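# Chain and residue survey
Each chain is listed here by its residues.
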Amino acid sequence: MTGLPWDASYRDGPAPWDIGRPQPAVVRRAFRGGFAGAVLDAGCGTGDNALHVASLGFSVLGVDVAETALAIARKKAADRGIAAEFAVADAFRLERLGRRFETVMDCGMFHTCDGDERPAYVASLASVTEHGGTLYVLCFSDEGPDTGPHPVTQEELRAAFDPGNGWNVAAIEPDRVQTRYHDDDGAPAWFATIKRI
């Protein structure tokens, strides 16, 4: 049942966060060689970020609870001839995948988690991220005008991903998240680079 509210977001046209192309932050990181090994896209939606990374030759698995979004992602992959895998999975139970990844990306998932949900989500990410691997988190920022819903502070990111639970925050940089409701410049965001230790 957990996927139903998310699935409904895709039924009557694009969801607010479904912009029909990869997030510019992901494109830039990929261009700079920021991806390695097997890649997981947690909360992939209709797959634009996963498909961009897969188009560069990486083995990519995109997971989401929204079946409708995954069906759209699979059709995009087939239409574009891109080998990417999409599967239903609960972001709080990623260990059930039985796989590990060298690079994990979260574009818009972390900021949907309430404070009391974050430890379980962070542990779930840790269960599938190789030691020495990299997690990228793109989330709404609390700084600047016209912030998105559920903005996150740098302190909240650092508290969630700390050495005590197997992470080291290497960098948190100001960025932008593109949505269907913000102008072309998008909403204020943080792009965090986090290493699994």
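Residues numbered from 1 in each chain as written. Predicted model: local features only at pLDDT ≥ 70, side-chain atom pairs only at ≥ 80, totals over all residues. Heavy atoms only, no water.

### Regarding the overall build of the protein chain
Counting secondary structure elements, the protein chain contains six helices and seven strands. Put simply, the protein chain runs from its N terminus to its C terminus through helices and strands in the order α-α-β-α-β-α-β-β-α-β-α-β-β. For 197 residues, the compact-globule estimate of 2.2 N^0.38 gives 16 Å, and the protein chain sits close to it at 15 Å. Considering only C-alpha atoms, the protein chain reaches an extent of 40 × 40 × 40 Å along its principal axes. The 197 residues of the protein chain split such that 49% are buried. Restricting to contacts in the protein chain with at least 6 residues of sequence separation, those with at least 24 account for 70%. Approximately 9100 Å² of the protein chain is accessible, and the part contributed by carbon and sulfur atoms is 52%. Distance from the positive charge centre (19 side chains) to the negative charge centre (28 side chains) of the protein chain: 5 Å. (Helix = DSSP H or I, 4+ residues; strand = E, 2+ residues; numbered from the N terminus. Rg over C-alpha atoms; globule rule 2.2 N^0.38 Å. Buried < 20%, exposed > 50% of the residue type's maximum accessible area, 1.4 Å probe, protein only. Contact = heavy atoms within 4.5 Å. Areas by Shrake-Rupley, 256 points an atom, 1.4 Å probe, with all protein chains shown as cover. Lys, Arg positive; Asp, Glu negative; His and termini not counted. Charge placed at Lys NZ, Arg CZ, Asp CG, Glu CD.)

### Re the nonpolar core
Among the nonpolar cores identified, the biggest contains 31 residues, and Phe110, Leu125, Val137, Leu157 and Phe161 are the most heavily contacted of them. Listed by contribution, the elements that provide at least two residues to this core are β1 (39-42), β2 (60-64), β4 (101-107), α5 (118-128), β5 (129-140), α6 (154-160), β6 (167-177) and β7 (187-196). Counting residues per element, this core draws most heavily on α5, at five residues. Non-local contacts of Leu157, meaning those with residues more than four positions away in its chain, are made with Phe110, Val137, Cys139, Val152, Val169, Ile172, Trp190 and Ala192. By size, the runner-up hydrophobic cluster in this structure holds 25 residues, among which are Phe35, Val39, Met105 and Cys107. (Core = buried A, V, L, I, M, F, W, Y, C linked by side-chain atoms within 4.5 Å.)

### As for the sheet that holds β4
Sheet strands associate in pairs through backbone hydrogen bonding, adopting either a parallel or an antiparallel arrangement. In spatial order, the strands read β3-β2-β1-β4-β5-β7-β6; together these seven strands make up an open sheet with mixed pairing. Looking at the sheet topology across the chains shown, the edges are occupied by β3 (85-88) and β6. The sheet shows a mean angle of 20° between the axes of neighbouring strands, taken without regard to direction. Across the sheet, α5 lies against β1, β4, β5, β6 and β7, angled at about 140° from β5, the strand it touches most. (Pairing = 2+ DSSP bridges. Axes fitted to C-alpha atoms, helices over the stretch in contact; angles between N-to-C directions.)

### A closer look at the pattern of salt bridges
With the rule as written, the count across this model stands at nine salt bridges. As a salt-bridge pair, Asp175 and Arg28 come within 2.6 Å of each other at their nearest N and O atoms. With Asp175 in strand β6 and Arg28 in helix α2 (residues 24-31), the pair connects residues that are 147 residues apart, well separated along the chain. Taking relative accessible area as the criterion, Arg28 reaches 32% and is therefore assigned partly exposed. A network of salt bridges, in which partner residues are shared, links Asp48, Lys76 and Arg80. (Salt bridge = Lys/Arg side-chain N within 4 Å of Asp/Glu carboxyl O.)

### Focus: helix α3 (residues 48-55)
Across the eight residues that make up α3, a large majority, six, are buried. Turning to α3, its buried residues are Asp48, Asn49, Ala50, Leu51, Val53 and Ala54. Lining the buried residues of α3 we find α2, β1, β2, α4 (67-80), β3 and β4. Remark: Gly57 follows α3 within two positions and exhibits a positive phi of approximately 100°.

### Observations concerning the side chain of Thr103
By secondary structure assignment, the location of Thr103 is in strand β4. A residue is classified by how much of its surface remains accessible, and Thr103, at 1% relative accessible area, is buried. Looking at Thr103, its side chain comes within polar contact range of the main-chain oxygen of Ala36, at 2.7 Å. (Polar contact = N/O pair within 3.5 Å; in protein donor to acceptor, adjacent residues only side chain to side chain.)

### Looking at unusual backbone geometry
The phi angle at Asp146 is positive, at roughly 55°, despite the residue not being glycine. Not every positive phi belongs to a glycine, and His150 is a case in point at roughly 60°. Along the polypeptide, His150 turns up in the loop between β5 and α6.

### Re the packing of aromatic side chains
Scanning all chains against the criterion turns up six aromatic pairs. Of the aromatic side chains, those joined through ring pairs into one cluster are Phe35, Phe58, Tyr136 and Phe191. (Phe/Tyr/Trp six-rings, centres within 6.5 Å; stacked < 30°, edge-to-face > 60°.)

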